[in-house]
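Overview (structure and organization)
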Amino acid sequence: MDLINDHSIDDFCRIYAEEICVDYNGTVALYDASLQLKSGCICGLVGMNGAGKSTFFKALMGFVRPSRGKIRINGLDVPTAQREQAVAYVPQNEGIDCSFPVSVWEVVMMGRYGSMNLLRVPRESDRKAVWHALERVELIDLRKRPIGALSGGQRKRAFLARAIAQRASVLLLDEPFSGVDVRTEKLMADLFLQFKNEGRTILISTHDLSHVRDFCDLVVLINKTVLAYGETSEVFTPENLTMTFGGMSPDFLSGSTPAIDLNT
Amino acid sequence: MNEFLASFSPISWLVDPLSHDFMRRALMVSGLVGGVCGFLSCYMTLKGWALMGDAVSHAVMPGVVVAYALGLPFSIGAFVFGVGSVALIGFVKQKSRVKEDTIIGLVFTGFFALGLVLVSKIKSNIDLMHILFGSPLGISLSDVRQTIIISGIVVSILLIFRRDLMLYCFDPTHARSIGINTGLLHYLLLSVLSLAAVAGLQTVGIILVVAMLITPGATAYLLTDRFDRMTFLAIISSSISSILGVYISYWSDIETGGSIVLVQTAIFLFAFLFAPRYGLLKSQRSISP
Ligand SMILES: Nc1ncnc2c1ncn2[C@@H]1O[C@H](COP(=O)(O)OP(=O)(O)OP(=O)(O)O)[C@@H](O)[C@H]1O
Ligand SMILES: [Mg+2]
């Protein structure tokens, strides 16, 4: 089992967000969004395009400054939590330069930098963590490849491995399933369940509603604000989904009827 | 010409100039500055800061003139104006809707023009040509000392923050999310850039110093997929081309800064054509299965 950077007594909130408001130059992207997550749970973040999912993640990481509200991670303010390696974040688009001369191994090693000394010289434990993370996402054979020589899905796995190597107790994953194959999807779902059993807290945004039913304990439905929040079985109802996606039929959303008739 | 070739001996070509004090000095300073700029050039090329390098190196001009006029070490004036120009670029970018490359071009030409005007107005013994084109063959002892100190500072900072700066160039978002102060790294890199520009000014002058700050990195980038190896190759190629440039300049009696940069450009062209994986000739061959 991985060691995790645990700084908490178990029953307080890993993620605590209270009435967060974010605007981009006056355009409101998120208002009064609150969320509290305890340790050992997987929470799905669901909403339509532009609902503010990525914005919520960025606010939790301090990358956009909320105009109002309070955020704590493991009971610490965000910069402190980041310095203590309490939180790992995988953005929706990494936005990196793919021709950068680093190997997969080196990229995953970057997850360890925060726990290393100033010169960032890897110790044996860092190498073990990187190896282990690469094994978990099945990239160990490709570890010497330049990062640019990976396929899109493989690259996503590499960045997930970097977050794993960080051994944070809170994982923020913005659409980890977009662009990955079924096999990787399964692999990642198993991984997340394992993390949950290790007592970590995972917040995942996704557009695939079946994921939410399959492995999320909790779900947050958002559209510029939190519309509903709670146990998946209670909150993930057709009525709530209709509300979240702006009046679409729940049948359509659950995927039980053909979504679009391609012949028309 | 035949006579020359017959009497040409590589050993004496390399050794003879060393009997001159000024040549020993020039070779040492050029090799050192070459290595320092080569090291930094890796970050400049990977971060996409070629234009920023050009801006900073031009913007130090008025600083040099003012420092000379006040009797201060020229490096202090240059550093202040280098960092000042960058701060100004950042400020204007934040406060206006003009695009960054436009602002960079605007600020550095403004500073450079100010430098030119100052030189013509402040009657002193500054040789404009030396600032613009460098004069490693005529470098004074106190300038050598300054250059060594500057190089020492730059190399120490780059060595200590090597990994952090790499991460900052590669993925600043991740750097922030693990609690690294990226704002600090940004200004650190800019300060180091200003210092390196000041050092490079000694050998190739203001106009060409940007070549020292990008060409070795670009060359090394074509040769490898490993950051550490890229750093090593950039330092080596930059040092060697600087030293070679001084020799060629001595024997052929050509302008030194130009000669150094031409050697660097030649090495780049060589890598561009023949690099094992990313060379032009290689990629043509590898199209056929
Ligand atoms: N940098 C920005 N500047 C201005 N507006 C922005 C910026 N980023 C996002 N927005 C706006 O804020 C709103 C929320 O965007 P966000 O990226 O959080 O949506 P999302 O839920 O992640 O959507 P998606 O499912 O498409 O990823 C959108 O209306 C978007 O247009
Ligand atoms: Mg998003």
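Residues numbered from 1 in each chain as written. Chains lettered and ligands numbered in written order. Predicted model: local features only at pLDDT ≥ 70, side-chain atom pairs only at ≥ 80, totals over all residues. Heavy atoms only, no water.

Residue and element names in this part refer to chain B. Looking at the element boundaries, Ser-151 is found in helix H8 (residues 141–160). The class of Ser-151 is buried, set by a relative accessible area of 3%. Side-chain polar atoms of Ser-151 contact the backbone oxygen of Thr-147, separated by 2.7 Å. Not counting residues up to four positions away in its chain, the partners in contact with Ser-151 are Leu-32 and Val-36. (Helix = DSSP H or I, 4+ residues; strand = E, 2+ residues; numbered from the N terminus. Buried < 20%, exposed > 50% of the residue type's maximum accessible area, 1.4 Å probe, protein only. Polar contact = N/O pair within 3.5 Å; in protein donor to acceptor, adjacent residues only side chain to side chain. Contact = heavy atoms within 4.5 Å.)

Now for the pattern of salt bridges. Residue and element names in this part refer to chain A. Counted according to the given criterion, the structure contains 18 salt bridges over all chains. Two residues, Arg-68 and Asp-32, come together in a salt bridge whose shortest N-O distance is 2.9 Å. A residue pair is termed long-range when its members are at least 10 positions apart, and Arg-68 in strand S4 (residues 68–73) and Asp-32 in strand S2 (residues 27–37) qualify at 36 residues. Glu-138 serves as the salt-bridge partner of Arg-183, at 2.6 Å between the closest nitrogen and oxygen. Residue Arg-183 is found in helix H6 (residues 182–197), and its partner Glu-138 is found in the loop between helix H4 (124–136) and helix H5 (152–166); the two are separated by 45 residues along the sequence. By relative accessible area, which is 56% here, Arg-183 ends up exposed. If you follow the salt bridges from partner to partner, you end up with Glu-19, Asp-32 and Arg-68 in one network. (Salt bridge = Lys/Arg side-chain N within 4 Å of Asp/Glu carboxyl O.)

To continue, consider helix H14 (residues 256–274) of chain B. Residue and element names in this part refer to chain B. Taking 1.5 Å per residue, 19 residues should reach 27 Å; H14 reaches 27 Å between its end C-alpha atoms and fits that length. Turning to H14, its buried residues number three or more, namely Thr-256, Gly-257, Ser-259, Ile-260, Val-261, Val-263, Gln-264 and Ala-271. The elements touched by buried residues of H14 are helix H3 (21–47), helix H7 (128–133), helix H11 (182–203), helix H12 (205–223) and helix H13 (227–252). By the N-cap criterion, in which a side-chain oxygen at the helix start approaches the backbone nitrogen of a residue two or three places on, H14 is capped by Glu-255, the distance to Gly-257 being 3.4 Å. (Expected span 1.5 Å × (residues − 1).)

Attention shifts here to the site of ligand 1. Residues and elements named next belong to chain A. Taken together, 13 residues are adjacent to ligand 1, and Asn-49, Gly-50, Lys-53, Ser-54 and Thr-55 come closest. Ala-51 places a polar main-chain atom, nitrogen or oxygen, 3.3 Å from an oxygen atom of ligand 1. Within the contact set of ligand 1, an oxygen atom lies 2.7 Å away from a side-chain nitrogen or oxygen of Ser-54. Relative to its free-state accessible area of 630 Å², ligand 1 is covered by the protein chains to the extent of 60%. In terms of residue count, the dominant contributor to the shell around ligand 1 is helix H1 (residues 53–60) (3 residues). A class-by-class count of the residues in the shell around ligand 1 yields 4 nonpolar, 7 polar and 2 charged. (Near = heavy atom within 4 Å. Areas by Shrake-Rupley, 256 points an atom, 1.4 Å probe, with all protein chains shown as cover. Nonpolar A, V, L, I, M, F, W, Y, C, P; charged D, E, K, R; others polar.)

Let's shift gears to the sheet that holds strand S1 (residues 15–24) of chain A. Residue and element names in this part refer to chain A. Strand order in the open sheet formed by 3 strands is S2-S1-S4, with antiparallel pairing between adjacent strands. Here the strands that pair on one side only, and so sit at the sheet edges, are S2 and S4. Geometrically, the sheet is characterised by an average inter-axis angle of 25 degrees between neighbouring strands, direction not taken into account. Sheet topology note: the S1/S2 ladder contains 7 bridges and is antiparallel. Across the sheet, Tyr-24 pairs through a bridge with Thr-27, a residue of S2. Sheet strands in contact with H1 are S1, S2 and S4, and its direction is about 115 degrees off that of S1. (Pairing = 2+ DSSP bridges. Axes fitted to C-alpha atoms, helices over the stretch in contact; angles between N-to-C directions.)

Residues and elements named next belong to chain A. Judged by pairing direction, the sheet is mixed, and its 6 strands sit side by side in the order S5-S6-S7-S3-S8-S9 without closing on themselves. Two strands bound the open sheet, and with one partner strand each, they are strand S5 (87–90) and strand S9 (226–231). Mean inter-strand twist for the sheet, computed between neighbouring axes without regard to direction, equals 15 degrees. The pairing of strand S3 (residues 41–46) with strand S8 (residues 218–222) spans 4 bridges and is classified as parallel. Considered in S8, the bridge of Cys-43 is made with Leu-218. Across the sheet, H5 touches S5 and strand S6 (170–174), and the angle it forms with S5 is around 180 degrees.

With that settled, the discussion passes to the domain arrangement of chain A. All names here are of chain A. The domain architecture assigned to chain A consists of domain 1 (1–86 + 171–181 + 190–240) and domain 2 (98–167). Here the C-alpha centroids of domain 1 and domain 2 sit 24 Å apart. Contacts between domain 1 and domain 2 engage 18 residues on the former and 13 residues on the latter. Summed over both sides, the interface between domain 1 and domain 2 buries roughly 1300 Å², with carbon and sulfur atoms accounting for 50% of that surface. (Domains from an automatic or database assignment. Buried area = accessible area lost by both parts, 1.4 Å probe.)

Four donors placed tetrahedrally around a metal ideally meet at 109.5 degrees, and six donors placed octahedrally ideally meet at 90 or 180 degrees. Coordination of the magnesium ion (ligand 2) by the protein involves Ser54(A) (OG) and Gln92(A) (OE1), with metal-donor separations of 1.9 to 2.1 Å. With Ser54(A) in helix H1 and Gln92(A) in the loop between S5 and helix H3 (104–109), this residue pair connects regions lying 38 residues apart in the sequence. (Donors = N, O, S within 2.8 Å, 3.2 Å for Na, K, Ca; no water.)

The subject of this paragraph is the interface of chain A and chain B. At the interface, 31 residues of chain A touch 24 residues of chain B. With both chains or domains summed, chain A and chain B bury close to 2500 Å², and 60% of this area falls on carbon and sulfur atoms. Summed over the three residues of chain A that lose the most area to chain B, namely Phe100(A), Pro101(A) and Tyr113(A), the buried surface amounts to 26% of that side. Here chain A and chain B share 2 salt bridges between them. Linking chain A with chain B are 9 residue pairs in polar contact (both at pLDDT 80 or more). Listed by contribution, the elements that provide at least two residues to the side of chain A that touches chain B are helix H2 (78–83), S5, H3 and H5 of chain A. Considering every element that reaches the side of chain A that touches chain B, the biggest residue donor is H5(A), with 3 residues. Along the lines of polarity and charge, the residues of the side of chain A that touches chain B split into 16 nonpolar, 8 polar and 7 charged.

All names here are of chain B. Relative to the helices and strands, Glu-255 resides in the loop between H13 and H14. Separated by 15 residues in sequence, Glu-255 and Phe-270 have C-alpha atoms that sit 23 Å apart. In this structure Glu-255 touches Phe-133, Gly-134 and Ser-249, once residues within four positions along its chain are discounted. Here the side chain of Glu-255 touches Gly-257 through a polar contact of 3.4 Å, landing on its backbone nitrogen.

Before going further, it helps to examine the packing of aromatic side chains. Counted by the stated rule, this structure contains 16 aromatic pairs over all chains. Over the aromatic face of Tyr168(B) sits the side chain of Lys47(B), whose NZ or CZ is 4.1 Å from the ring centroid. (Phe/Tyr/Trp six-rings, centres within 6.5 Å; stacked < 30°, edge-to-face > 60°. Lys NZ or Arg CZ within 6 Å of the ring centre and 35° of its normal.)

Another point: a nonpolar patch on the surface. All names here are of chain B. A cluster of nonpolar residues, Leu-269, Phe-270, Phe-272, Phe-274, Leu-280 and Leu-281, forms a patch on the protein surface that exposes about 560 Å² of accessible area. Put simply, the parts of the chain that give the nonpolar patch at least two residues each are H14 and helix H15 (280–285). At 4 residues, the largest contribution of residues to the nonpolar patch is made by H14. (Patch = residues over 30% accessible without salt bridge, like charges linked within 9 Å, V, L, I, M, F, W, Y side chains within 5 Å.)

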